[in-house]
Amino acid sequence: MLDGAGTDARRRDRFAVLARCDFTELEQRFRTLDLDPDVTFLRPVETGLVMLRGRAGGTGAAFNIGEATVTRASVRLGDGRIGHSVALGRDRKRATLAAVVDALASDADEEIRVEEAIIAPLRRALSEADRHEVERVAATKVDFFTMVRGEDE
Amino acid sequence: MYVAVKGGETAIDNAHRLLAEKRRGDRRLPALTLGQIAEQLALSVARVMAEGALYDTQLAALAVKQARGDLIEAIFLLRAYRTTLPRLYDSVPVDTGAMLIERRISACFKDLPGGQLLGPTFDYTHRLLDPNLVGEEEQTTDLQTGPVGDAVVRVSDLLANDDLIEGEEPVTNGHGVEPEPGDMTREPLSYPLTREQRLQALARGDEGFLLALGYSTQRGYGRNHPFAGEIRIGAVEVEIDLPELGHAVPIGRVQLTECQMVNQFRGSSEMPPQFTRGYGLVFGQSERKAMSMALVDRALRAREFEEDIIAPAQDEEFVVSHCDNVQATGFVEHLKLPHYVDFQSELQLIRTLRKEWADGAGTDDDEDTGFSQEAAE
C-alpha cells in the first residue's frame with residue numbers, strides 16, 4: 001500500500017512526470033496496462049496561456065516574465081473516477097492521456113500499477129536525461145587562477 | 001495622419017504570393033523544418049520567445065520561418081498569436097535557485113559553491129569563421145562528462161546572508177498576502193511604475209535597445225558601478241495552483257537566463273552601506289539581454305535610491321515607452337501608409353512659402369524667422 005499522507009506529493013510528482021514526458025512513450029507505457037477505460041470529458045481539452053512569474057532578485061517581489069502556452073484536460077472514467085492534467089505546450093493528445101492516467105491513479109490499488117507501469121519508467125528516463133545534461137555541463141567547470149603581477153619575474 | 005485608400009487587392013494578393021515564393025527561396029534546396037529551426041537556430045528562437053513574451057519553441061520557430069528570419073517580424077507574429085488564446089493560469093513565481101544549471105558564472109567570486117560552469121558559451125571562442133560548418137557536418141562532437149559538484153547556490157544569496165547586499169523579500173500587504181503584480185498585457189501602464197511593472201516591460205523589451213542603454217550606463221550616462229554577480233542559464237520547473245486539487249502542481253519546465261548585477265552602495269545614518277541590485281530574467285538562453293536588463297533595471301531604480309536622474313537609462317518613461325520593438329516598429333513603419341492628403345497640404349504650404357520668398361527677394365524686410373517657424377508647424 002502507498003502511504004495516504006503523501007497523496008498530494010505523489011500527485012505532484014505524477015504531474016511533473018506527465019507534463020514533461022514524450023507522448024509516444026506515455027502511450028506505449030499505457031498500452032502495457034491493457035485497459036480500455038470509458039472516458040468522458042468534464043470540459044473540452046483546452047489550450048490557453050499561463051502567465052509565468054519570477055521574483056525581483058530571485059527572492060523579492062513577484063513580477064510577470066511573459067506567458068507560455070498550456071494545455072489542460074479533465075476527464076471522468078466510466079466508474080466515476082476523475083482525473084486532470086495541465087502541461088506547458090499544446091499537446092492535446094498527451095493532455096488527454098495524462099488526465100486518464102491521473103484518473104486511474106486516484107484509486108489507491110490502481111495507483112501502484114500506474115506508478116510501476118507508467119510513471120516510474122518515464123521518471124527514470126527523464127532523470128537519466130537530466131543527469132546526462134548535468135554531467136556534460138560539469139565537464140565545463142573551470143578553475144580560474146588569479147595572476148599576480150610580477151609573478152614570472 | 002493617413003486616410004483610407006481603396007483598391008489594390010490584386011496587387012496585394014500578388015505581392016503576398018511573391019513573398020511566399022521568396023520565403024521558400026531556391027526550390028532545389030530542401031525546405032527548413034520547424035525542428036531544424038528550433039534546434040539549430042535556438043538562440044533566434046529564444047529571442048523571439050522572450051520579446052514575443054510567449055514561451056513556445058515550436059510557435060517561435062514557425063514565426064522565424066514565416067518571417068524569413070526577420071526576428072522583429074517573428075516577434076510581432078507571436079504577439080498577435082497570443083491574443084487569440086485565453087489566459088488560464090498565473091504561475092507560482094519560479095525558483096531560479098533550484099534551476100537545472102546549463103551555465104553559471106560569477107565575475108565576483110573565483111571560487112564559489114557549485115563552481116564556475118561555462119556551459120555552451122561563445123566566450124573564449126576566437127570568433128573565426130569555422131570552415132567545418134560549411135556543408136554537411138561529418139564528425140559528431142566528442143563530448144566529455146564531469147563529476148557532478150555541489151548545489152549551485154545563488155551568489156546573491158551568499159551576499160545576502162552577510163547583509164552585504166540589499167535584501168529582496170516578497171512584497172506583502174498587511175495580511176501577509178502578496179498582491180497581484182501589475183500586468184501590462186491587462187492594464188495599460190501609467191507612470192510612475194512599480195519595479196515589478198518595469199521588470200515585465202524590460203523582460204519583453206528589445207535586446208538591442210536595452211543593450212545600448214545598458215552600455216550607456218557603463219560609459220557614464222547614469223553610472224552605477226556594476227559587477228556581474230552571477231549569470232545562470234537553465235531549466236526551471238513551472239508550478240500553478242490548481243483549484244481542482246487545492247495544491248500546486250508542476251506543469252513542465254522552461255529555460256531561463258538570470259543575471260544578478262551587484263552595484264555600488266547605498267547606506268544611511270540608520271543603515272550600514274550595502275550593495276544594490278539590478279536584476280534580469282529572460283526566456284531562453286539570452287545572456288546579453290539578461291545582462292542589459294539588469295543594468296537598466298538598476299539604472300531605473302534611481303528614484304528609489306534618490307539618485308540624480310540625469311541620463312536616458314534612468315528615465316523610466318523614456319525607457320519603458322520605447323523598449324517595445326513591436327510598438328516601435330508599428331509607429332515607425334506606419335510612415336509607409338498613405339499620407340497623400342497630409343502631403344498635399346504640405347506641398348501647398350511650401351509652394352506658398354516659396355512664392356512669398358520669391359516675391360520678397362531683394363527687399364530688405366526679409367522675415368526668415370517667420371518662414372522657418374511656419375514651416376515647422
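Residues numbered from 1 in each chain as written. Chains lettered and ligands numbered in written order. Predicted model: local features only at pLDDT ≥ 70, side-chain atom pairs only at ≥ 80, totals over all residues.

### Structural notes on the overall build of chain A
As a reminder of what qualifies: Segments assigned H or I by DSSP are reported as helices when at least four residues long, segments assigned E as strands when at least two residues long, and all are numbered from the N terminus. The globule rule is 2.2 Å times the number of residues to the power 0.38, and the radius of gyration it is compared with is taken over C-alpha atoms. Three exposure classes are used. Buried residues have 20 or more other C-beta atoms within 10 Å of their own C-beta, exposed residues have 12 or fewer, and partly exposed residues fall in between, all C-beta atoms being placed from the backbone.
Secondary structure assignment for chain A yields 4 helices and 4 strands. Reading the secondary structure of chain A in the N-to-C direction produces α-α-β-β-β-α-α-β. Taking 15 Å as the expected radius of gyration for a compact globule of 153 residues, we find that chain A reaches 21 Å, considerably beyond that expectation. Overall, chain A is about 85 × 35 × 30 Å in size when its C-alpha atoms are taken along their principal axes. By the burial criterion, 39% of the 153 residues in chain A qualify as buried.

### Describing the interface of chain B and chain A
For the record, the criterion: Note that contacts rest on C-beta atoms placed from the backbone: two residues are in contact if these are within 7 Å. For two strands to be treated as a pair, DSSP must find at least two bridges joining them.
In this assembly, 66 residues from chain B lie in contact with 49 residues from chain A. In the sheet, strand E4 (residues 141-142) of chain A pairs with strand E4 (residues 116-117) of chain B via 2 bridges, with the strands oriented antiparallel. Opposite Val142 of chain A, over in E4 of chain B, you have Gln116 of chain B as the bridge partner.

### Remarks on unusual backbone geometry
Residue and element names in this part refer to chain B. The residue after Tyr191, namely Pro192, is reached through a cis peptide bond having omega -5 degrees. With a phi angle near 55 degrees, Ala53 is a residue other than glycine that sits in the positive phi range. With respect to the element layout, Ala53 can be found in the loop between helix H3 (42-52) and strand E1 (54-55). In this structure Ala53 comes out as buried when scored by C-beta crowding, with 27 C-beta atoms within 10 Å. The phi angle at Arg68 is positive, at roughly 55 degrees, despite the residue not being glycine. Along the chain, Arg68 turns up in the loop between helix H4 (57-66) and helix H5 (71-82).

### So, the environment of Leu71 of chain B
Residue and element names in this part refer to chain B. For Leu71, the location among the structural elements is in helix H5. The class for Leu71 is buried, based on 20 C-beta atoms found within 10 Å. Linking Leu71 and Ala60, residues 11 residues apart in sequence, is a C-alpha distance of 9.7 Å. Apart from the residues within four sequence positions on either side, Leu71 is in contact with Ser44, Arg47 and Val48.

### Details of the pairing of strand E1 (residues 39-55) of chain A
The side chains of a regular strand alternate between the sheet's two faces. Pairing of E1 of chain A with strand E2 (residues 62-77) of chain A involves 14 bridges; the strand directions are antiparallel. Across the sheet, the residue bridging to Val39 of chain A is Leu77 of chain A, located in E2 of chain A. In this antiparallel pair of consecutive strands, E1 of chain A and E2 of chain A, the connection spans 6 residues, and Gly57 of chain A shows a positive phi of 70 degrees. Pairing of E1 of chain A with strand E2 (residues 87-90) of chain B involves 3 bridges; the strand directions are parallel. Looking at the pairing, Met51 of chain A lines up with Asp90 of chain B of E2 of chain B.

### Describing the environment of Leu193 of chain B
Residues and elements named next belong to chain B. Assignment of secondary structure puts Leu193 in the loop between helix H6 (155-161) and helix H7 (195-203). Along the primary structure Leu193 and Glu317 are separated by 124 residues, whereas in three dimensions their C-alpha atoms are 8.6 Å apart. Non-local contacts of Leu193, meaning those with residues more than four positions away in its chain, are made with Arg198, Glu316 and Val320.

### Considerations on the domain arrangement of chain B
Applicable threshold: The split of the chain into domains comes from an automatic or database domain assignment.
For chain B, the domain assignment lists domain 1 (9-82), domain 2 (96-120 + 149-167 + 184-331) and domain 3 (340-376). Each of domain 2 of chain B and domain 3 of chain B was reduced to a C-alpha centroid, and the two centroids are 52 Å apart.

### Brief notes about the packing of H5 of chain B against helix H11 (residues 325-333) of chain B
Residues and elements named next belong to chain B. Quick note on the threshold: For helices, the fitted line uses only the C-alpha atoms of the stretch in contact; every axis is such a line through C-alpha atoms, and the angle between N-to-C directions lies from 0 to 180 degrees. Reported orientations rely on four angle classes, namely roughly parallel under 35 degrees, roughly antiparallel over 145, roughly perpendicular from 65 to 115, and oblique for the rest. Any residue that is not Ala, Val, Leu, Ile, Met, Phe, Trp, Tyr, Cys, Pro, Asp, Glu, Lys or Arg is counted as polar, Gly included; the first ten are nonpolar and the last four charged.
With their axes 9 Å apart at the nearest point, H5 and H11 run at an angle of 110 degrees to one another. Relative to H11, the element H5 lies roughly perpendicular. Across the interface between the two elements, Ile72, Ile75, Phe76 and Arg79 of H5 pack against Asn325, Val326 and Thr329 of H11. Within the contact of H5 with H11, the residues separate by chemical class into 4 nonpolar, 2 polar and 1 charged.

### Description of the nonpolar core
Stated precisely, the cut-off is as follows: Definition of nonpolar core: a set of buried Ala, Val, Leu, Ile, Met, Phe, Trp, Tyr and Cys residues joined via C-beta atoms within 7 Å.
In terms of nonpolar packing, the biggest core is built from 103 residues, with Val48, Ile251 and Val296 of chain B touching the most fellow members. Tallying contributions element by element places helix H3 (residues 92-104) of chain A first for this core, with 8 residues. When residues of this core are assigned to domains, at least three fall in each of domain 1 (9-82) and domain 2 (96-120 + 149-167 + 184-331) of chain B. Residues within four places of Ile251 of chain B in sequence aside, it is in contact with Phe15, Ala19, Val70, Val86, Ala87 and Leu88 of chain A together with Val238, Glu239 and Ile240 of chain B.

### Looking at the confidence of the model for chain A
Going by this rule: Scored from 0 to 100, pLDDT records how confident the predictor is in each individual residue.
Averaged over every residue, the pLDDT of chain A is 92; residues scoring 70 or more account for 93%. Within chain A, the lowest mean pLDDT, 92, falls on E4 of chain A, and the highest, 98, falls on E2 of chain A.

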